[in-house]
Amino acid sequence: MPEPERPEPPERYEPPAYDPLQPGKGEAIAPTGQGGPIDLALDEAESLEKPLGDDPTGPGPREKARSLWSDAWHQLRRNPVFVIASLVILFLVVISIWPQLIAGGDPLQCELSKSQQGAEPGHPFGYDTQGCDVYTRTVYGARASITVGICATVGAALLGSALGGLAGFFGGWGDSLLSRVADIFFGIPVVLGGLVFLSVVTSTTVWPVVGFIVLLGWPQLARIARGSVITAKQNDYVQAARALGAGNGRMLLRHVAPNAVAPVIVVATIALGTYIALEATLSFLGVGLRPPTVSWGIDISNAASQIRNAPHMLLYPAGALSVTVLAFIMLGDAVRDALDPKLR
């Protein structure tokens, strides 16, 4: 009797390359964002867990967010106007501190026998009416103009920012009083005020001129600071700090002032060039800096009556004054463009 055929043993079970119920084996299940899963290879799933920028072949790491000041400096370094103006101002500051680096003579040493003579070897700008070297006086004249401009700007900025910032932050009767006082100073003509104020001063130093410019210059910066503080204190982060119990001093110094100082810096930078021109104007009229102080305004005043006979006496100090004022105005424009996001 033939033996019954034995059934063949089942083939050995081979598990699939991946198990949908065990996403860790071979492949993974990732959500599609539309309510269902999608099968991914293991290496593809791992790539989803890698932070952006870890792949050496992919895009680089994310750039760290920059603050207002770092972003402004990043833009200023690439602005040719800012670079040129900064180099000119740096050169002027250096020669105002150490004029002997490029001028070896004495600006007060004169020879009447060489009165109004033109250029000659060693004296490229010629001589003035008193026989003084125009080149040496032009170089040494930068010291007085730069000193007056910087000191007057710093004084007006500090006084105006303090008064305007406090008035804008606290408001009330102090704000109204400051506004009315500023309006009075705005109504005083600058040149006429200088003629009246400085005509009674007998000092030959730069400080009376600096004090007069600060006296008439702080209202403009105070009004700028007041408006900027009023805008800054309405921001959400200031209201949050107030809700958390921060005092007025902390809010003003830590939150409001750092975010309100940018407009003041821009206006002060532009005003610095204006103050230098104002000093030259007052010196030209005879009420600003006075001899023996060496100033571009004094030299321009002495050369005005001799412009037909010796135009070189007027050309070089006036050119130096124009370049200096233009450099500070260009610097202020570049800083304004960098600090104002609306102009980008």
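Preceding this section is the structure that the text describes.
The paragraphs below set out a description of the structure included in this document. (Residues numbered from 1 in each chain as written. Predicted model: local features only at pLDDT ≥ 70, side-chain atom pairs only at ≥ 80, totals over all residues. Heavy atoms only, no water.)

1. Quick look at the overall build of the chain
Test applied: Per the convention used, a helix needs a DSSP run of H or I reaching at least four residues, while a strand needs a run of E reaching at least two, with both numbered from the N terminus. Residue burial is assigned from relative accessible area. The probe radius is 1.4 Å, only protein chains are included, and a residue is buried under 20% of its type maximum, exposed over 50%, and partly exposed in between. Per-residue and other accessible areas follow the Shrake-Rupley method at a 1.4 Å probe size, with only the shown protein chains counted as cover for residues.
A tally of regular secondary structure across the chain gives twelve helices and two strands. A buried classification covers 36% of the 344 residues belonging to the chain. Only carbon and sulfur atoms are counted for the fraction: they give 63% of the accessible area of the chain, which is about 20,500 Å².

2. Description of helix α11 (residues 296-304)
Keep this limit in mind: We call two residues in contact when some of their heavy atoms are within 4.5 Å. The term polar contact refers here to a pair of N or O atoms within 3.5 Å; inside protein, the definition further demands a hydrogen-donor-capable atom paired with an acceptor-capable atom, and it admits residues adjacent in sequence only when both atoms are side-chain atoms.
Taken residue by residue, α11 has Trp 296, Gly 297, Ile 298, Asp 299, Ile 300 and Ala 303 as its buried positions. The secondary structure elements touched by the buried residues of α11 are α4 (134-170), α10 (262-284) and α12 (312-339). For α11, the N-terminal capping position is held by Ser 295, with its side-chain oxygen 3.2 Å away from the main-chain nitrogen of Gly 297.

3. Let's talk about the packing of aromatic side chains
Short version of the rule: Note on aromatic pairs: the rings of Phe, Tyr and Trp (six-membered ring only in Trp) are paired at centre separations within 6.5 Å, and the planes decide the class, stacked below 30 degrees, edge-to-face beyond 60, tilted for the rest.
Counted according to the given criterion, the structure contains six aromatic pairs. Taken together, a centroid distance of 3.8 Å and an interplanar angle of 5 degrees make the contact between Phe 125 and Tyr 316 stacked. Of this pair, Phe 125 sits in the loop between α3 (80-97) and α4 while Tyr 316 sits in helix α12, and the two are 191 residues apart along the sequence. For Tyr 316, a relative accessible area of 27% gives the class partly exposed.

4. Here's the deal with the environment of Leu 158
Mapped onto the fold, Leu 158 is located in helix α4. With relative accessibility at 58%, the residue Leu 158 sits in the exposed group. For the pair Leu 158 and Leu 221, spaced 63 residues apart in sequence, the C-alpha to C-alpha distance is 8.9 Å.

5. Points about the nonpolar core
If you look at soluble globular proteins, the nonpolar side chains tend to sit buried side by side. We count it as follows: Take the buried residues of types Ala, Val, Leu, Ile, Met, Phe, Trp, Tyr and Cys, join any two whose side-chain atoms come within 4.5 Å, and each joined set is a nonpolar core.
Judged by nonpolar contacts, the single largest core of 30 residues is most densely connected at Ile 276, Leu 321, Phe 328, Leu 331 and Leu 339. Counting residues per element, the ones that place at least two in this core are α2 (68-76), α3, α4, α10, α11 and α12. Ranked by residue count, the leading element in this core is α12, at twelve residues. By size, the runner-up hydrophobic cluster in this structure holds 28 residues, among which are Val 209, Ile 213, Leu 278 and Ile 298.

6. As for the pattern of salt bridges
What counts is decided by this rule: Every case where a carboxyl oxygen of Asp or Glu lies within 4 Å of a side-chain nitrogen of Lys or Arg is listed as a salt bridge.
In the structure shown here, the tally under the stated rule is eight salt bridges. Put simply, Lys 114 and Glu 111 hold a salt bridge, and the shortest N to O gap is 3.8 Å. Classification of Lys 114 by relative accessible area gives partly exposed; the value is 22%. With a relative accessible area of 36%, Glu 111 lands in the partly exposed category. When the shortest N-O distance is used, the salt bridge between Asp 183 and Arg 223 registers 2.7 Å. In this pair, Asp 183 sits in helix α5 (residues 172-186) while Arg 223 sits in helix α7 (residues 207-232), placing the two residues 40 residues apart along the sequence. The exposure class assigned to Asp 183 is partly exposed, which follows from its relative accessible area of 34%. Within the structure, one salt-bridge network assembled from shared partners comprises Glu 111, Lys 114 and Glu 120.

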